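This is what each chain is made of:
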Amino acid sequence: MGKLFISEHPLMKHKITMLRDKNTSTKEFKELISEVAMLLTYEATRELPTVETTVQTPIAEAKCSKIKQDIVIVPILRAGLGMVDGVHNILPAAKVGHIGLYRDPETLTPVEYYCKVPKDLENTKVFVLDPMLATGKTAEAAVEFLKERGAKDVTVICVLAAPDGVKTVQSTFEDVDIYAAAYDTMLNEKGYIVPGLGDAGDRMFGTK
Ligand code: URA
C-alpha cells in the first residue's frame, strides 16, 4: 500500500488554521495554498533518487549529488492550479501537465473535459496536485489517466485529505503515495470535507 503522510509541522498547522477560517481573504487564501503546496513538496521529494556529480566551487572541486529523475507536476483543474506556483518555487524545472476534471454534482463522479500532459511520463516522477482529497474519485481518475500514458511513479499532493479519498486512492493503486497537510475525518452529503475549508476553487479564485 502507498504511504500516507500527514504533516505534523507547526507551520503547516498554522497555515491550515488560516485556510479553514472563512474570514481569510481570497488573496491570503491563494498565498497560503501556494505556501502549503511548497512545504508539502519539500516532504514529498525527500526520497527522490539522486546521482553523484562533481562541481567546481570558487575554492575547490566538490563531490555533490543532484536529482536523477525529471519531474512533472499535474494540477487537476481548477483548484490544483493554485498549488503550481508553490511547487515550482522549489522545483523550477518541473514540467506542467493539466487535467481538467469536474465532479458531477449528482453522482460525485469525475468527468474529464481537458487533458494535456508531457510525453514520456515513463521515466519521470509525477506529482498530482489536488487540494481536496474528498471522495478521491477525481485523484483516482487523474492517476489512472497518467498511468495509461505510461506514468510509473505517481504521488498525490493535497492540502486536506479525508478517509474516503485516501481509501479510494490506496485501494485502487498500491504504489501511489499521498502527502497531505491535514486529515479530516468525514465528508458531508455533498462530498465536502468536514470541517474542511469549503470549496477550494471558489475560495482561491473568488468565485463565490
Ligand atoms: N472540493 C472542495 O473544494 N472542497 C471540499 O471540501 C471537497 C471537494
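Scroll up for the structure.
Residues numbered from 1 in each chain as written. Predicted model: local features only at pLDDT ≥ 70, side-chain atom pairs only at ≥ 80, totals over all residues. Heavy atoms only, no water.

Let's talk about the site of the ligand
Part 1 of the argument: Every residue lining the ligand is accounted for by Arg103, Met132, Ala134, Gly191, Tyr192, Ile193, Gly198, Asp199 and Ala200.
Part 2 of the argument: Between Ile193 and the ligand, the recorded distance is 2.8 Å, taken from a backbone N or O atom to an oxygen atom.
Part 3 of the argument: Contact distances for the ligand include 2.8 Å between a nitrogen atom and a backbone N or O atom of Gly198.
Part 4 of the argument: Within the complex, the protein chains bury 89% of what would otherwise be the 240 Å² of accessible surface of the ligand.
Part 5 of the argument: Residues that form the shell around the ligand fall into these classes: five nonpolar, two polar and two charged. (Near = heavy atom within 4 Å. Polar contact = N/O pair within 3.5 Å; in protein donor to acceptor, adjacent residues only side chain to side chain. Areas by Shrake-Rupley, 256 points an atom, 1.4 Å probe, with all protein chains shown as cover. Nonpolar A, V, L, I, M, F, W, Y, C, P; charged D, E, K, R; others polar.)

Quick word on the state of the cysteines
Part 1 of the argument: Applying the stated rule across the entire model yields zero disulfides.
Part 2 of the argument: Unpaired in terms of disulfides, Cys115 finds its nearest cysteine sulfur in Cys158, a separation of 19 Å. (Disulfide = S-S within 2.5 Å.)

Brief notes about the packing of helix H2 (residues 26–44) against helix H3 (residues 81–90)
Part 1 of the argument: Where H2 contacts H3, the two axes come as close as 7 Å, and the packing angle between them is 45 degrees. Accordingly, the angle class assigned to the pair H2 and H3 is oblique. Note on packing geometry: the crossing formed by H2 with H3 is right-handed. Contacts from Ile33, Ser34, Ala37, Met38, Thr41 and Tyr42 of H2 reach H3 at Gly82, Met83, Asp85, Gly86, Val87, Asn89 and Ile90. (Axes fitted to C-alpha atoms, helices over the stretch in contact; angles between N-to-C directions. Helix = DSSP H or I, 4+ residues; strand = E, 2+ residues; numbered from the N terminus. Parallel < 35°, antiparallel > 145°, perpendicular 65-115°, else oblique. Left-handed = near helix turned anticlockwise from the far one by under 90°. Contact = heavy atoms within 4.5 Å.)

What about the nonpolar core?
Part 1 of the argument: In terms of nonpolar packing, the biggest core is built from 35 residues, with Leu19 and Val159 touching the most fellow members.
Part 2 of the argument: Mapped onto this core, the elements with two or more residues apiece are helix H1 (10–20), H2, strand S4 (70–77), H3, strand S8 (124–129), strand S10 (153–161), strand S11 (177–183) and helix H6 (200–205).
Part 3 of the argument: In terms of residue count, H2 provides more of this core than any other element does, seven residues in total.
Part 4 of the argument: Leaving out residues up to four positions away in the same chain, Leu19 has contacts with Phe29, Leu32, Ile33, Val36, Val159, Leu197 and Arg203. (Core = buried A, V, L, I, M, F, W, Y, C linked by side-chain atoms within 4.5 Å. Buried < 20%, exposed > 50% of the residue type's maximum accessible area, 1.4 Å probe, protein only.)

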